[in-house]
Amino acid sequence: MERVGRRGLPAVDRLLRSEAGREAEARFGHAVARRLCREVIETHRQAVGAGEGIPSVAELEREVREATDRTGRSLFRSVLNATGVVLHTNLGRAPLSDEAAAAATRAATGYSNLEFDLETGRRGSRHRHGELLLQELTGAEAAMVVNNNAAAVLLVLSAVASGREVLLSRGEMVEIGGSFRIPDVMEQSGCRLREVGTTNRTRLADYERAIGLDTGAVLKVHQSNFRQIGFTESVESGRLAELAHGHGLPFIEDLGSGVLVETRELGLEHEPMIQEVLRAGADLVTASGDKLLGGPQAGLILGRRRWVDACRRHPLARAVRVDKMTLAALQATLLHYLRGEGDAVPIWRMLRQPLSDLRARAERLAARVAGALPPSASARAAEGRSPVGGGSLPGQELATAGLELRVPGELEDLARRLRWGEPSVVGRVEGDRLFLDLRTVRPEEDDLLLGALFRALDAGPGRHGEGQA
Ligand SMILES: *Cc1c(COP(=O)(O)O)cnc(C)c1O
C-alpha cells in the first residue's frame, strides 16, 4: 500500500521502509532515519513546488544513502592520521598506549577506588590520584589532576589570586586556540591582569616596578604556539621565582605542554620540562596531559602543597574535576615513564622513529599502490617535514617520509574520498601532491591505509566506481 504525498512524492514512511531507509535505521535508529528521510523529501517538495520534476524512488533512496553517509561522518569516529602531526589538536592529540587504553577501559566498565580509601574503608579524594607518581617524576611537593590545562589555569588563578593583580608579560598574553586567551581566563578567575613590559621585551625591572600592595601572583605563560625572533627579551623562571618570593608572592608558570624528557634528543629545541621549572622555584606549574606527556586529556597542577591544597578546596575544583577513565589512563602513562618504558608512550615512539624506517615503509606502500593507479596518476615514496603540533615546539619540524600521490586535476577529490572513506584518512595536500605521512600511522595500520587508498582511487573518475564518493 503506497501512500503518495500531495505533490506526487512518496510519504516519509514509505521512504523509511525502503532499503536505504532501513539501512539508515539500522545504523542510527528510527528517529534519526526518519529525520533523514523527511529532510530528503522536504527538499524535493520545495523543488517540485518551484517547478522541478518528481524524482524516482531510486533517486530518493540514493539521497537517503548520501545523507546516511554524511551523518556517519559527522558523528564521532576514528581516523587514520596521515598528516605527520603527532600532536594534532583537531585529531585528538596524543593517542594512548595499549596499557593506558586498557586501564581506561577497566575504569569505565567496572568500579574503582576513585573516591574511596582502601586502607581505611572510608571516603577518599579523587584529587589525590596521580599525586605520588607525579611527585616522583617531577619533584613536586604536591600535585592534582583536573579536566584539562585550561581548567588548571582557571582553577589555579581563582584559588591563588582572585580579587588581586597578577603580573604577566605583554609578550605572554597569548591565545592558545579555540578562544582560550590568557587575559580572558584571568578575568574569569576574578584576577586583574597587570601587564608588564612590552610585546617583544620584558625585563626583571619591569616586573619589579609593577609589584604593589595589590599584587597576588607573578605569572609566566609558555609561548606555546608562536615564536618571537629578533630583538626580544624575557625573564627566566628562576629569576621570576626569586623576585616573587622576595615579595612574599607565589610564582605560577603555565607550561602548556607538560614534557618530562629532553626534546633536544630529537634534534629539536629545548622545551621546558616540568621538573626543571619546579626546580627553578615555581610554586605552581600547570600542564596538559595530552601534549608532550603523551597521555589522556588532563590538566596537571603541580607545586607547593599549600597552593595545591588551596586548589583542591576551591569550589571550582568540582566543576573541573577529572573523570575516572582519564585518571586510569594518566596513571598508566606516568608508570611508563617511571618504569623507564619511554617508547611505550605512542607519541615518543612516533617522534623517535628513524627516517630510514619511515622511508622503507613508504617504499613498500608505493610499490603496492603502483598497480592500482589511474593512468594519469603517480605514487612514490617521498620525504617531507612535519611539525610536532599541539602547542609545542612552534616553528620546528621533523624530517619525515611517506607516500606522495599526484593525481592531476583531482587531488582535492582524492583527499576528500580518503577523508570520507572507511577508515577515514586525513593526509596533507601540499601544492600538487597529496602526502600521506607515515610518522603518525602505526606500522600495523599500513595495510588499513593501503585498503582505504585502493578504495579511494577505485572510486575516482575513469574507474568503475562513480565520480562522486
Ligand atoms: C595548550 C595550552 C593550554 C591549554 O591546555 P589544554 O590542555 O588544551 O586545555 C594552556 N596554556 C598553554 C601555554 C598551552 O600551551
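All values derive from a computational prediction rather than experimental measurement.

Draft legend 1. The sheet that holds strand S12 (residues 397-406), seen in detail. With respect to topology, four strands assemble into an open sheet ordered S11-S12-S15-S14, the strand pairing being antiparallel. Edge positions in the sheet fall to strand S11 (378-387) and strand S14 (428-430), since each has one partner strand and no second. Between one strand and the next, the sheet's axes are offset by a mean angle of 40°, whatever the strand orientation. Relative to S12, S11 runs antiparallel, the two being bridged by 10 bridges. In the strand pairing of S12, Glu383 is matched with Ala401. The strands touched by helix H16 (residues 355-369) are S11 and S12; relative to S12, the strand with the most contacts, the crossing angle is about 5°. Its contacts with the sheet put helix H17 (residues 411-420) on S12, S14 and strand S15 (433-437), and the angle it makes with S15 is roughly 30°.

Draft legend 2. A look at the site of the ligand. Taken together, 13 residues lie around the ligand, and Ala150, Ser224, Asp254, Ser288 and Lys291 are the ones closest in. At 3.1 Å, a backbone N or O of Asn149 approaches an oxygen atom of the ligand. In this structure, an oxygen atom belonging to the ligand sits 2.8 Å away from a main-chain N or O atom of Ala150. When isolated, the ligand has an accessible area of 380 Å², and the protein chains bury 93% of it. Elements that contribute at least two residues to the shell around the ligand include exactly helix H7 (149-161) and strand S8 (251-257).

Draft legend 3. Region of interest: the domain arrangement of the protein. Considered domain by domain, the protein is made up of domain 1 (12-74), domain 2 (79-91 + 350-458) and domain 3 (98-344). Taken over C-alpha atoms, the centre of domain 1 sits 49 Å from the centre of domain 3.

Draft legend 4. Examining the environment of Phe454 more closely. Along the polypeptide, Phe454 turns up in helix H18 (residues 446-458). Owing to a relative accessible area of 28%, Phe454 belongs among the partly exposed residues under this scheme. With residues near it in sequence (within four places) discarded, Phe454 still touches Arg368, Val369 and Ala372.

What counts and what doesn't
Residues numbered from 1 in each chain as written. Predicted model: local features only at pLDDT ≥ 70, side-chain atom pairs only at ≥ 80, totals over all residues. Heavy atoms only, no water. Pairing = 2+ DSSP bridges. Helix = DSSP H or I, 4+ residues; strand = E, 2+ residues; numbered from the N terminus. Axes fitted to C-alpha atoms, helices over the stretch in contact; angles between N-to-C directions. Contact = heavy atoms within 4.5 Å. Near = heavy atom within 4 Å. Polar contact = N/O pair within 3.5 Å; in protein donor to acceptor, adjacent residues only side chain to side chain. Areas by Shrake-Rupley, 256 points an atom, 1.4 Å probe, with all protein chains shown as cover. Domains from an automatic or database assignment. Buried < 20%, exposed > 50% of the residue type's maximum accessible area, 1.4 Å probe, protein only.

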